[in-house]
Amino acid sequence: MIEQLDVKYISGVGPQRATLLAKELNIHSVFDLLYYFPYKYVDRSKIYAINEVTGDMPYIQVRGQITTFETAGEGRGKRLIAHFTDGTGFIDLIWFQGIKYVVSRYKVHQEYIVFGKPSVFNGRVNIAHPDLDPASEVQLSNLGMQPYYNTTEKMKRSFLNSHAIEKMMQNVMPLLKEPLPETLTPEIIAQQHLMPLNDALRNIHFPQNNDALRQAQLRLKFEELFYVQLNILRYASDRRRKFRGYVFHHVGAFFNTFYRDYLPFELTNAQKRVLREIRADMGSGKQMNRLLQGDVGSGKTMVALMSMLLALDNGYQACLMAPTEILANQHYETLCHQMDGLGVRVELLTGSIKGKKREEILSGLQSGDVRILIGTHALIEDGVNFAHLGLAVIDEQHRFGVAQRARLWAKSTQPPHVLVMTATPIPRTLAMTLYGDLDVSVIDELPPGRKPIATLHQFDNRRQQLNAFIRKQVNEGRQIYIVYPLIKESEKIDLKNLVEGYSQVCDDFPDLTVCQVHGQMKPALKDEQMQRFVRGEAQIMVATTVIEVGVNVPNASVMVIQNAERFGLSQLHQLRGRVGRGADQSYCILVTGFKLAEDTRKRIEIMVRTNDGFEIAEADLKLRGPGDLEGTQQSGMAFDLKIADLARDGQILQLAREVAERVVEEDPTCELPKNELLWQQLKKLRKNNINWSAIS
Ligand code: ADP
Ligand code: MG
C-alpha cells in the first residue's frame with residue numbers, strides 16, 4: 001500500500017529530508033505526509049486593484065509597474081522602497097535585505113505581478129519582501145489556490161520550506177492510483193453529505209476551487225471531531241453499563257429543613273435550575289458525572305451544600321474536596337456556619353490535621369457518624385475510608401485530574417455521584433471535547449445586588465495616582481490586593497519583582513500593614529499571612545497568583561494587577577473574581593507598560609469591556625487556541641487536533657457529537673456489522689495516540 005511507503009522514497013525527499021521530517025513533524029510515511037494539512041491557502045488567480053487594497057487583507061496579488069526606487073533609513077532600519085502603481089493607486093514595495101540584488105533585478109516601467117501581505121505604515125499601504133514575477137511569465141489560471149504549510153526554523157534552514165512541502169505533495173498525488181480506504185461508513189457519508197476521504201485528501205492540498213476546499217475541510221474536520229466524540233462516548237457508555245449509580249429516591253428532612261429555616265437568601269433561578277438537574281441525575285439510577293460551571297461569585301457552594309444534603313437524606317455520606325488548604329478551611333467554616341443546628345457532623349481533613357484528631361475523624365467516617373467530610377487531596381489518600389460515600393463534590397476542577405477522579409471512585413463499593421465545580425468557564429465546544437462524558441450545568445446568573453466590578457487600564461508610570469486611589473479606598477475601610485506575575489521559567493526575576501514591589505508598597509504606605517504571599521514560602525507562613533488579611537489585620541496583600549483560586553474576603557474591593565500584560569485572559573478574570581464579593585463598589589486595575597503587543601491590547605480591552613466569564617473564555621480560546629487554555633493541560637487531556645479548530649468549528653463539533661451519540665446508542669456493544677469500520681478505526685486511533693487513551 002502506497003500510504004505506508006516511507007517518505008524518503010518520494011522524489012524530492014531522500015534520506016536527509018526524511019530524517020528532518022520525522023524529527024520535526026513526526027512524518028514518516030506517505031500517509032503521515034498526506035495528513036499534514038496546509039494552514040492556509042492563497043488564491044493566486046485573483047488580481048486586486050491597488051485602490052482596493054487595505055492593510056488588513058491576507059496575501060494578495062496586484063499587477064502594475066515600478067515608477068521609482070528610493071532608499072530610506074539608516075543602519076538596521078535601512079530599506080529600499082519601490083513605488084508601484086497600476087493606475088488606480090500606489091503601493092510601496094519594501095525590502096530590508098538584499099537591496100543591491102533587488103535593484104539590479106527589477107526594472108522600472110515593466111509589468112510585474114506582485115504577491116505578498118499588505119500592511120499599513122504611516123498611513124501608506126506597503127508590502128514587505130514581496131514576490132515579483134514578470135507579468136508575461138505568469139499564467140494566472142495555472143496558479144489557482146496555493147497551499148501553505150507550517151515549517152520549523154530548523155526545516156527552513158535546510159530549505160525545507162512550505163514550497164518544498166508543496167512540491168512533495170505534488171509528487172505524491174500521482175502515486176495515489178487507487179482510492180484511499182474510507183474511514184467513515186457509507187451511511188454516515190451519505191447522511192451527512194460528506195466528501196469521500198479520497199477526494200478530501202486531494203482537495204485539502206490542491207483544491208480545485210473554493211467550494212471543493214470547503215467540502216474537503218468539512219469532511220476532515222467532521223471526521224476528526226467525530227472520532228474524538230466517539231471515543232469519549234464509548235468510554236462513558238462502557239462505564240454506565242459497568243457501574244450503576246446510587247438512587248437517591250427522596251428529598252428528606254435535612255434538605256427540607258435547611259431550605260425552609262436555614263437558607264440565608266433566596267436562591268437565584270439559575271441555582272434552582274441546576275439543583276433540579278442534579279436531583280434528577282442522582283435519582284435516575286445512573287451514576288452522575290456533572291460539571292457545574294459558574295462564574296466566580298455565582299454561588300456554587302450553596303448548590304454543593306444542598307446537593308450534599310440530598311445525599312444525607314438518602315442515608316449516604318458526602319465529601320467536598322478543595323484544591324488548597326486555605327480553601328478547604330473556608331468551605332469548612334462557611335458550611336459549619338450555614339448548617340449550625342441542623343445536627344450534621346461535618347469534619348475537615350487536610351494534610352496538617354494529624355494524630356488523635358485525625359484518627360477520630362477517620363473512625364467517624366468509617367462508622368458513618370461523620371456525614372460530610374471537607375478537605376484537600378488528603379481525602380483521596382489510602383486509609384481514608386467512608387462507610388457509604390454517595391456524593392463527592394470537587395471544587396475548582398482544573399487542579400484536579402482524571403487520575404484523582406478515578407481514585408475517588410474506589411472510595412465506595414460503587415462509584416459515588418460526582419459533581420465537579422469550576423469557575424474557569426469552559427466554552428461549550430471545549431467542554432464537549434474535554435469532558436464529553438460529563439454532563440454540564442451552568443449557573444449563568446449572579447446573586448442580586450452585586451455591583452459589577454469596574455475595570456481600568458493604567459500605564460505603570462502613574463504610580464502616584466494609583467497610590468492616591470489605594471489610599472482613598474483604605475481610608476474608606478477597604479482592603480487591597482496587589483498581584484505580581486509568577487511564571488515558571490523566570491521564577492527568580494518574578495520573585496525579585498514581587499519582593500521589590502512589596503518593599504515599595506511598604507515605603508509608600510508606612511502606616512499600613514502589608515502582608516505578602518508567594519509560592520516559595522513555607523505553607524505555614526503563607527497561611528499565617530493569608531489569615532492576617534482574611535481577618536482584616538492587614539490592609540494590603542502583595543501576592544503572586546497563589547491567591548487566584550477561590551479565596552473569599554468580601555471586604556477586599558480593589559485588585560491591582562501589576563505587569564498585567566504577562567497574564568492570560570482567564571487568569572486575569574480569575575484574579576478579578578477575588579474582589580466584588582461584598583456590598584461595595586469594587587475595582588480591578590490592570591497596570592501595564594506603555595508598549596503593548598496587539599494581542600495584549602486586545603486582552604486588556606476585553607477585560608475592561610466585560611465581566612462575563614463565558615465571553616472571556618470564548619475570547620481566550622480565539623486568541624490563544626485551545627491547547628493553551630488553562631486547565632486542559634492539568635487534566636491530562638492534552639489533545640491534538642490536526643484540522644478542526646474548537647474556537648471556530650463549534651457547529652461541526654455539535655454535528656459530530658450527535659452522529660457519534662446515535663452510533664453508540666444504536667450499537668452499545670459494538671456488534672453491528674455496518675459499524676465495524678468505525679470500531680476498527682477507533683481502535684487504531686486509540687492505539688496510536690496516547691492522549692486519546694488518557695481520556696476517560
Ligand atoms: P463561587 O461560585 O465563586 O464559589 P460562592 O459560592 O463563594 O461563589 O458565593 C459567593 C457569595 O455569594 C457567597 O458569599 C454566598 O453566600 C453568596 N450567595 C450565594 N448564592 C446567593 C444568593 N442566591 N443570593 C445572595 N447571595 C448568594
Ligand atoms: Mg467557590
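A brief report on the enclosed structure follows.

1. Topic: the pairing of strand S19 (residues 514–517)
Here is the key point about a regular strand: its side chains alternate between the two faces of the sheet.
Okay, step 1: Judged by which residues are buried, S19 turns out to be covered on both faces: Val514 and Gln516 on one side and Cys515 and Val517 on the other are all buried.
Okay, step 2: Note: S19 against strand S20 (residues 540–543), four bridges, orientation parallel. Its bridge partner lying in S20, Val517 is registered against Ala543.
Okay, step 3: In terms of handedness, the path from S19 via helix H19 (residues 523–534) over to S20 forms a crossover that is right-handed.

2. Describing the site of ligand 1
Okay, step 1: The environment of ligand 1 is made up of 15 residues, and the closest members are Gln271, Gly297, Lys300, Thr301 and Arg450.
Okay, step 2: Taking Gly299, its main chain carries an N or O atom lying 3.1 Å from an oxygen atom of ligand 1.
Okay, step 3: Arg450 places a polar side-chain atom, nitrogen or oxygen, 2.6 Å from an oxygen atom of ligand 1.
Okay, step 4: When ligand 1 is considered free in solution it has 560 Å² of accessible area, and contact with the protein chains removes 78% of it.
Okay, step 5: A breakdown of the residues in the shell around ligand 1 according to their chemical character gives four nonpolar, six polar and five charged.

3. What about the nonpolar core?
In globular proteins that are soluble, nonpolar side chains generally tend to be buried together.
Okay, step 1: Counting 94 residues, the largest nonpolar core has Phe226 and Leu230 as its most contacted members.
Okay, step 2: Element by element, the count of residues in this core is highest for helix H12 (residues 300–313), at 10 residues.
Okay, step 3: Ignoring any residue separated from it by four or fewer positions in sequence, one finds Phe226 in contact with Leu184, Ile188, Ala656, Val659, Ala660, Val663 and Leu678.

4. Overview of the packing of helix H8 (residues 197–205) against helix H9 (residues 210–242)
Okay, step 1: Packing of H8 against H9 leaves a shortest axis separation of 8 Å and a crossing angle of 120°. The angle between the axes of H8 and H9 places the two elements in the oblique class. Read as a crossing pair, H8 and H9 show a hand that is left-handed. Only Ala212, Leu213, Ala216, Gln217, Arg219, Leu220 and Glu223 of H9 make contact with H8, whose side of the interface consists of Leu197, Ala200, Leu201, Asn203 and Ile204.
Okay, step 2: Considering only residue class, the contact of H8 with H9 consists of eight nonpolar, two polar and two charged.

5. What to know about unusual backbone geometry
Okay, step 1: Even without being glycine, Asn26 reaches a positive phi, approximately 60°.
Okay, step 2: According to the relative accessible area criterion, Asn26 is exposed, its value standing at 53%.
Okay, step 3: One non-glycine residue with positive phi stands out, namely Asn563, at about 50°.
Okay, step 4: With respect to the helices and strands, Asn563 occurs in the loop between strand S21 (556–561) and helix H20 (569–576).

6. What to know about the packing of aromatic side chains
Okay, step 1: Here the structure, examined in full by the defined rule, presents 16 aromatic pairs.
Okay, step 2: Look at Tyr35 and Phe37: their rings are 5.6 Å apart centre to centre, the planes differ by 45°, and that puts the pair in the tilted class. A single burial state applies to Tyr35 and to Phe37, both of which are buried.
Okay, step 3: An angle of 80° between the planes, with centres 5.1 Å apart, marks the rings of Phe226 and Tyr227 as edge-to-face. Exposure class is identical for Phe226 and Tyr227. Each is buried.
Okay, step 4: The structure contains a cluster of three or more aromatic residues connected by ring pairs, namely Phe31, Tyr35 and Phe37.

Rules and cut-offs
Residues numbered from 1 in each chain as written. Chains lettered and ligands numbered in written order. Predicted model: local features only at pLDDT ≥ 70, side-chain atom pairs only at ≥ 80, totals over all residues. Heavy atoms only, no water. Buried < 20%, exposed > 50% of the residue type's maximum accessible area, 1.4 Å probe, protein only. Helix = DSSP H or I, 4+ residues; strand = E, 2+ residues; numbered from the N terminus. Pairing = 2+ DSSP bridges. Right-handed = clockwise from strand over helix to strand, strands pointing away. Near = heavy atom within 4 Å. Polar contact = N/O pair within 3.5 Å; in protein donor to acceptor, adjacent residues only side chain to side chain. Areas by Shrake-Rupley, 256 points an atom, 1.4 Å probe, with all protein chains shown as cover. Nonpolar A, V, L, I, M, F, W, Y, C, P; charged D, E, K, R; others polar. Core = buried A, V, L, I, M, F, W, Y, C linked by side-chain atoms within 4.5 Å. Contact = heavy atoms within 4.5 Å. Axes fitted to C-alpha atoms, helices over the stretch in contact; angles between N-to-C directions. Parallel < 35°, antiparallel > 145°, perpendicular 65-115°, else oblique. Left-handed = near helix turned anticlockwise from the far one by under 90°. Phe/Tyr/Trp six-rings, centres within 6.5 Å; stacked < 30°, edge-to-face > 60°.

Don't take any of this as a statement about function, it's just geometry.
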